[in-house]
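# Chain and residue survey
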Amino acid sequence: MFPFILRRLAQAVLVMVCVALLAFMLFQHVGDPVVFLLGQDATPDQIRALRADLGLDQPFVVQFWHFLANAAQGEFGISLRQGAKVSRLIAERLPATLELAFVAAALALALGIPMGVYAALQRGSVVSQMFMMVSLLGVSLPTFLIGILLILVFSVNLGWFPSFGRGDVVQVGWWSTGLLSPQGWHHIILPAATLAIFQLTLIMRLVRAEMLEVLRTDYIKFARARGLSNRAVHFGHALKNTLVPVMTITGLQLGGLIAFAIITETVFQWPGMGLLFIQAVTFADIPVMAAYLCLIALIFVVINLIVDLLYFVVDPRLRVEKTGTHG
């Protein structure tokens with residue numbers, strides 16, 4: 001497994017360098033940060049002095065190398081809009097986004113897998129048909145519309161949940177969490193449900209399709225011929241082999257939840273990285289935009305590596321193939 005990990009790490013480094021190059025190009029082509037910092041009334045001497053202080057008068061390769069070195073340390077400069085270090089702004093907003101994404105992912109998995117299994121094992125039932133109809137709606141409706149509908153029903157009409165904000169948070173060291181307070185849970189339910197609905201329907205449909213495919217294989221027929229109970233066949237054999245593609249999609253979707261929580265955070269005014277990124281785009285805050293791109297790429301790379309390693313745990317055939325290859 002060690003050579004496999006090394007190959008994945010090399011690929012990860014290459015991906016991160018490419019993303020860093022794209023992020024760095026923002027500084028070159030999306031406005032001049034010196035003008036943002038000094039304003040339109042700055043004199044030529046002030047502009048030249050600040051460009052020299054920031055290293056913007058150096059060759060492109062030298063600037064990119066300094067950018068890479070600083071990015072590796074988590075430093076992306078000063079926010080042009082808020083005048084604070086970008087690393088501090090990201091650290092303040094990151095807990096809220098991760099919290100929202102993980103609650104949404106847990107909700108999608110906790111409901112999507114059982115619903116998919118039921119829809120596969122009870123294909124002709126009324127409940128199964130309802131699940132498929134609801135899943136079609138969940139895949140078709142855009143996230144912002146789902147969020148607005150949930151606010152209209154559960155916040156405006158019923159008054160059960162708040163429609164914006166994060167609620168009370170508890171500081172655990174530098175990390176802030178709302179999951180340790182009742183009000184925090186009260187605030188996270190609607191945005192987490194909004195973010196989870198698409199993932200839930202996707203997981204349900206995937207589990208159903210994979211489960212039906214696995215149930216048609218020869219080894220399932222052989223397990224039935226041995227006299228194993230339906231419970232043992234369905235959950236001991238079929239479901240376990242269904243989980244490999246589900247893990248792939250779930251891993252990628254978790255990265256997607258973190259990266260594309262922008263819309264949900266904007267609808268619910270959730271104080272996470274997505275809302276910070278929207279504000280940065282509005283004000284052309286390039287350092288924040290660059291930091292966001294690099295961080296999201298890093299999250300995707302780490303999640304993909306974890307998913308690849310989990311394959312060896314879930315599917316013994318991969319371990320056998322690797323052993324046979326080295327032998």
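Residues numbered from 1 in each chain as written. Predicted model: local features only at pLDDT ≥ 70, side-chain atom pairs only at ≥ 80, totals over all residues. Heavy atoms only, no water.

## Overview of the overall build of the protein
For the protein, the helix and strand inventory stands at 14 helices and two strands. By the burial criterion, 40% of the 327 residues in the protein qualify as buried. A fraction of 71% describes how many contacts in the protein between residues 6 or more apart in sequence connect residues 24 or more apart. For the protein, the exposed surface amounts to about 17700 Å²; the carbon and sulfur share of it is 69%. (Helix = DSSP H or I, 4+ residues; strand = E, 2+ residues; numbered from the N terminus. Buried < 20%, exposed > 50% of the residue type's maximum accessible area, 1.4 Å probe, protein only. Contact = heavy atoms within 4.5 Å. Areas by Shrake-Rupley, 256 points an atom, 1.4 Å probe, with all protein chains shown as cover.)

## A short note on empty space enclosed by the protein
Under the defined criterion, the tally for this structure stands at one cavity of 30 Å³ or more. Put simply, the largest cavity is a space of about 50 Å³. Lining of the largest cavity is provided by Ala 105, Ala 108, Leu 109, Gln 199, Ile 203, Thr 250, Gln 253, Leu 254 and Leu 257. Residue contributions to the lining of the largest cavity peak at four residues, all from helix α10 (residues 230-259). (1 Å grid on protein atoms, 1.4 Å probe; cavity = no way out; pocket = protein on both sides within 12 Å on 5 of 7 lines; lining within 4 Å. Points joined across faces, edges and corners; volume = space filled by probe spheres on them.)

## Notes on the packing of helix α5 (residues 86-121) against helix α6 (residues 126-140)
A pair of packed helices can be characterised by two numbers: the angle between their axes and the separation between those axes. Close contact between α5 and α6 brings their axes to 9 Å; oriented N to C, the two are set at 130°. Taken together, the axis directions place α5 and α6 in an arrangement best described as oblique. Read as a crossing pair, α5 and α6 show a hand that is left-handed. Two secondary-structure elements touch here, α5 through Met 115, Tyr 118 and Ala 119 and α6 through Val 127, Ser 128, Phe 131 and Met 132. (Axes fitted to C-alpha atoms, helices over the stretch in contact; angles between N-to-C directions. Parallel < 35°, antiparallel > 145°, perpendicular 65-115°, else oblique. Left-handed = near helix turned anticlockwise from the far one by under 90°.)

## Overview of the side chain of Arg 93
Within the element layout of this structure, Arg 93 appears in helix α5. Buried Arg 93, no salt bridge; nearest opposite-charge side chain is Glu 92, N-O distance 5.4 Å. The residues contacting Arg 93, other than those within four sequence positions of it, are Pro 271, Gly 272, Met 273, Leu 275, Leu 276 and Gln 279. (Lys, Arg positive; Asp, Glu negative; His and termini not counted. Salt bridge = Lys/Arg side-chain N within 4 Å of Asp/Glu carboxyl O.)

## As for the nonpolar core
If you look at the biggest cluster of nonpolar residues, it comprises 61 residues, and the most contacted ones within it are Phe 67, Ile 90, Leu 257, Ile 258, Met 273 and Ile 296. For this core, the elements supplying multiple residues, two or more each, are α1 (2-29), α4 (60-72), α5, α8 (182-215), α10, α12 (273-282) and α13 (286-314). Here this core takes 16 residues from α5, the largest share from any one element. For Ile 90, the residues in contact, after removing those within four places along its chain, are Met 273, Leu 276, Ala 291 and Leu 295. In terms of nonpolar packing, the next biggest core, distinct from the first, is built from six residues, Ile 146, Leu 150, Leu 190 and Ala 193 among them. (Core = buried A, V, L, I, M, F, W, Y, C linked by side-chain atoms within 4.5 Å.)

## Remarks on the environment of Leu 310
The topology assignment puts Leu 310 in helix α13. Accessibility expressed as a relative area gives 39% for Leu 310, which makes it partly exposed. Remark: the alpha-carbon pair of Leu 310 and Val 244, spanning 66 residues in sequence, is separated by 8.8 Å.

## A look at the packing of α5 against α8
Where α5 meets α8, the closest approach of the two axes is 6 Å, and the angle between their N-to-C directions is 35°. α8 is crossed by α5, and the crossing has right-handed handedness. In terms of residue class, the contact of α5 with α8 is made up of 27 nonpolar, three polar and two charged. (Nonpolar A, V, L, I, M, F, W, Y, C, P; charged D, E, K, R; others polar.)

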